[in-house]
Amino acid sequence: MAIIKPVDESTIFVQELHGFASAKQSVYMLRLDKMHPIISGNKWYKLKYNLEDALQQKAKGILTFGGAYSNHLIATAAAANANGISSVAIVRGERNNTKALNTVLTQCKDYGMDLHFVSREEYALKETDSFIEALNNQYPEYYFIPEGGANEAGRKGVASITQFIPKEISHVLLSVGSGTTFIGLRNALSPEINMLGFAPMKGGAYLQDVVRQYVLPQKNNNWSIIDRFHFGGFGKSSTELYAFMQAFKQQFGFDLDQVYTAKMMLGLKELLSENVFPMNAKILCIHTGGLTGN
Ligand SMILES: *Cc1c(COP(=O)(O)O)cnc(C)c1O
């Protein structure tokens, strides 16, 4: 059964960011943000084989997990909707009934996603057998996708992103959340390409262990996770970051998202000033989308 793509991959392109680095180095942006107004660049790729599996198994629907600002939840809702399959989100945190739903959750609902709120304490138990069993009883024959699309199908799906990466690129940079996209790309790209993952949260060094756990032995080379550009922590911003986003838009004509890609690009600017890249480096940054969060 063929899945219906809710995204338009023909809109994806590589944009050179003239003047972002010195004349001897080139910086490019892979505009995955272009393919859909609200499905984040990398999210579709993590979902596509999951969706295929769910349809093949004739699942009643898709059930997944995420926080109230999760780009993965919107992407899942939109992809399930496009394929005529229902979706359920287990949302972290009690619903505050005195407040309207935020934009992300409103869009999820508009795509027909059923929102099931659980306390943070309960959410922390989401991978335990008893919690899964209870959900299985409540949503029988649903196909479960872990938070962030972080499973084998997700890691396999992001390998498709390599088709947009030009051969001459020496460095690939991306922002890291669950690590799924980073791992899938590391495993799919030549080990000669240097990969840098930017952690947008405090204490992001744990992501090194996550990557190590899934990276193929022959690809366990030439990669690192940089965790010093979190600007206060996950979802936090700073006046410096905000000013950078404004200036970036002025110069290059498109938005960065404040949770992930803006931190990566400001981090890159700092790394360029520290001269950590070799002469003639051709650096490709991946715009993973997430602009609804702004
Ligand atoms: C989800 C997301 C990421 C992180 O992707 P992972 O595969 O979870 O590491 C990066 N950027 C944006 C905009 C995202 O929405």
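Residues numbered from 1 in each chain as written. Predicted model: local features only at pLDDT ≥ 70, side-chain atom pairs only at ≥ 80, totals over all residues. Heavy atoms only, no water.

Enquirer: Residue-level account of the overall build of the protein chain, with values.
Expert: Scanning the protein chain from N- to C-terminus turns up 10 helices and 10 strands. Relative to its length of 294 residues, the protein chain is compact, with a C-alpha radius of gyration of 19 Å against a globular reference of 19 Å. Expressed as a percentage of its 294 residues, the buried residues of the protein chain come to 54%. In the protein chain, the share of contacts with a sequence separation of at least 24, taken over all contacts with a separation of at least 6, comes to 75%. Carbon together with sulfur atoms contributes 49% to the accessible area of the protein chain, which is approximately 13,400 Å² in total. Counting 28 positive and 26 negative side-chain charges, the protein chain places the averaged centre of each group 4 Å from the other. (Helix = DSSP H or I, 4+ residues; strand = E, 2+ residues; numbered from the N terminus. Rg over C-alpha atoms; globule rule 2.2 N^0.38 Å. Buried < 20%, exposed > 50% of the residue type's maximum accessible area, 1.4 Å probe, protein only. Contact = heavy atoms within 4.5 Å. Areas by Shrake-Rupley, 256 points an atom, 1.4 Å probe, with all protein chains shown as cover. Lys, Arg positive; Asp, Glu negative; His and termini not counted. Charge placed at Lys NZ, Arg CZ, Asp CG, Glu CD.)

Enquirer: Break down the packing of helix α1 (residues 43-56) against helix α2 (residues 71-82) for me, with residues and values.
Expert: Remark: α1 packs on α2, axes separated minimally by 10 Å, with the N-to-C direction vectors making an angle of 50°. In terms of orientation, α1 and α2 fall into the oblique class. The handedness of the crossing between α1 and α2 comes out as right-handed. Listed contacts from α2 to Lys43, Trp44, Leu47 and Leu51 of α1 are Asn71, His72, Ala75, Thr76 and Ala79. Here the contact of α1 with α2 is composed, by residue class, of five nonpolar, three polar and one charged. (Axes fitted to C-alpha atoms, helices over the stretch in contact; angles between N-to-C directions. Parallel < 35°, antiparallel > 145°, perpendicular 65-115°, else oblique. Left-handed = near helix turned anticlockwise from the far one by under 90°. Nonpolar A, V, L, I, M, F, W, Y, C, P; charged D, E, K, R; others polar.)

Enquirer: Describe the pattern of salt bridges, with residues and values.
Expert: All chains considered together, the criterion is met by 10 salt bridges. Across the salt bridge formed by Glu127 and Lys126, the nearest N and O atoms sit 3.9 Å from each other. Judged by its relative accessible area of 64%, Glu127 falls in the exposed class. Among the residues examined, Lys126 registers a relative accessible area of 11% and is labelled buried. Salt bridges linked by common partners bring Arg92, Lys126, Glu127 and Glu147 together as one network. (Salt bridge = Lys/Arg side-chain N within 4 Å of Asp/Glu carboxyl O.)

Enquirer: Break down the pairing of strand β7 (residues 171-175) for me, citing the residues and quoting the values.
Expert: Of all five residues in β7, five are buried; the element is thus mostly enclosed. Across the two faces of β7 the burial is the same, with His171, Leu173 and Ser175 and Val172 and Leu174 all buried. Of the strand pairs in this sheet, β7 and strand β8 (residues 194-198) are connected by five bridges, and their pairing is parallel. Residue Ser175 lies in a different strand from β8, and its bridge partner there is Phe198. In this view, the connection linking β7 to its parallel neighbour β8 by way of helix α7 (residues 180-188) has right-handed handedness. Taken together, the three bridges between β7 and strand β10 (residues 282-287) define a ladder with parallel strand orientation. Paired with Leu173 across the two strands is Cys285, which belongs to β10. (Pairing = 2+ DSSP bridges. Right-handed = clockwise from strand over helix to strand, strands pointing away.)

Enquirer: Lay out the sheet that holds strand β6 (residues 142-145) with the relevant residues and their values.
Expert: If you walk across this open sheet you meet the four strands as β5-β4-β3-β6, and the pairing is parallel. Every interior strand has two partners, whereas the edge strands, β5 (113-118) and β6, have only one. With direction set aside, neighbouring strand axes in the sheet form an average angle of 25°. Note: strand β3 (residues 61-66) against β6, four bridges, orientation parallel. Looking at β6, one finds that Gly61 is bridged to Tyr142. Packing against the sheet, α1 makes contact with β3 and β6, and its axis sits at approximately 160° to β6. Packed on one face of the sheet, helix α5 (residues 129-138) meets β3, β4 (86-92), β5 and β6 and runs near 145° to β3.

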